[in-house]
Amino acid sequence: MGRSICWRQTPGLALLCLALATAHAADTGRRSDAELGNLVLQDCGSCHGMTLKGGLGPPLRPDNLERLPVEAISAIIREGVPDTAMPPWKPLLTPEETDWISRQLKSGALLH
Ligand code: HEC
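A short tour of the structure in this document, coming up. These figures come from a predicted structure and were not determined experimentally. (Residues numbered from 1 in each chain as written. Predicted model: local features only at pLDDT ≥ 70, side-chain atom pairs only at ≥ 80, totals over all residues. Heavy atoms only, no water.)

Moving on to the site of the ligand. Every one of the 20 residues lining the ligand counts as a neighbour, but Cys 44, Cys 47, His 48, Arg 67 and Met 86 are closest to it. At 2.7 Å from a nitrogen atom of the ligand is found a side-chain nitrogen or oxygen belonging to His 48. Arg 67 is positioned with one of its side-chain polar atoms (N or O) 2.7 Å from an oxygen atom of the ligand. It is helix H2 (residues 33–48) that contributes the most residues to the shell around the ligand, 4 residues altogether. Across the shell around the ligand, the residue classes tally to 15 nonpolar, 3 polar and 2 charged. (Near = heavy atom within 4 Å. Polar contact = N/O pair within 3.5 Å; in protein donor to acceptor, adjacent residues only side chain to side chain. Helix = DSSP H or I, 4+ residues; strand = E, 2+ residues; numbered from the N terminus. Nonpolar A, V, L, I, M, F, W, Y, C, P; charged D, E, K, R; others polar.)

Now for the coordination of the iron atom of the ligand. Distances from the iron atom of the ligand to its protein donors, namely His 48 (NE2) and Met 86 (SD), fall within the range 2.0 to 2.1 Å. For the iron atom of the ligand, the 6 donor atoms in the first shell make angles of 86 to 179° at the metal, a pattern classed as octahedral. With His 48 in helix H2 and Met 86 in the loop between helix H3 (70–79) and helix H4 (95–107), this pair connects stretches of sequence that are 38 residues apart. We classify His 48 as buried; its relative accessible area is 10%. (Donors = N, O, S within 2.8 Å, 3.2 Å for Na, K, Ca; no water. Tetrahedral: all angles 85-135°; square planar, octahedral: opposite > 155°, others 65-115°. Buried < 20%, exposed > 50% of the residue type's maximum accessible area, 1.4 Å probe, protein only.)

Now for the packing of H3 against H4. Think of two packed helices as two axes; the pair is described by the angle between the axes and how far apart they sit. At a closest axis distance of 8 Å, the pairing of H3 and H4 adopts a crossing angle of 125°. Taken together, the axis directions place H3 and H4 in an arrangement best described as oblique. Helix-helix and strand crossings are classified by hand; for H3 and H4 the assignment is right-handed. Contacts between H3 and H4 involve Val 70, Ile 73, Ser 74, Ile 77 and Arg 78 from the first element and Pro 95, Thr 98, Asp 99, Ile 101, Ser 102, Arg 103, Leu 105 and Lys 106 from the second. Looking at the contact of H3 with H4, its residues break down into 6 nonpolar, 3 polar and 4 charged. (Axes fitted to C-alpha atoms, helices over the stretch in contact; angles between N-to-C directions. Parallel < 35°, antiparallel > 145°, perpendicular 65-115°, else oblique. Left-handed = near helix turned anticlockwise from the far one by under 90°. Contact = heavy atoms within 4.5 Å.)

For the rest of this paragraph, the subject is the environment of Leu 52. Mapped onto the elements of the fold, Leu 52 is located in the loop between H2 and H3. A C-alpha to C-alpha distance of 9.7 Å links Leu 52 and Gly 108, two positions 56 residues apart in sequence. Setting aside anything within four residues of it in sequence, one finds Leu 52 in contact with Val 40, Leu 41, Pro 59, Leu 60, Arg 61, Leu 105 and Leu 111.

A few words on the packing of H2 against H4. In contact at an axis separation of 11 Å, H2 and H4 are set at 65° when each is read in the N-to-C sense. Relative to H4, H2 is oriented roughly perpendicular. As for how H2 packs across H4, the hand of that crossing is right-handed. Note on element contacts: H4 touches H2 through Glu 97, Trp 100, Ile 101 and Leu 105, opposite Asp 33, Leu 36, Gly 37, Leu 39 and Val 40. A per-class count over the contact of H2 with H4 returns 6 nonpolar, 1 polar and 2 charged.

What follows is the structure in structure tokens.
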């Protein structure tokens, strides 16, 4: 099932829309912790580094995220960062999943 998402790239400009062929996570149930952990290291890692030490995107290790509470990190993942390469993940990940990822990033659990 395809879904489309729209977001406002820059104030005053038309909404930018993306059609995603990926089924929403809710259609298939929550991904397992192992699947989500892999997604972080593979998909997020493609920009943030496979060991989350940074690349195109900033490092996502506990020391780097100290200033951000779990809720703020989860919101960044869901909404992305406008005008940067950081995409919004809410079409692909449920809030429960982004909360889980945020807690793992804060604790560094995926790095062990
Ligand atoms: C296509 C590249 C790309 C992918 C894929 C990507 N990011 Fe990002 N991300 C970025 C960039 C670039 C920034 C910096 C945005 C800015 O300039 O504020 C960023 C910023 C962030 C931040 C804020 C970090 C901080 O210190 O302010 C978090 C958290 C984050 N990304 C998490 C994730 C997670 C989790 C995933 C996977 C679900 C992911 N990103 C996938 C490019 C990416």
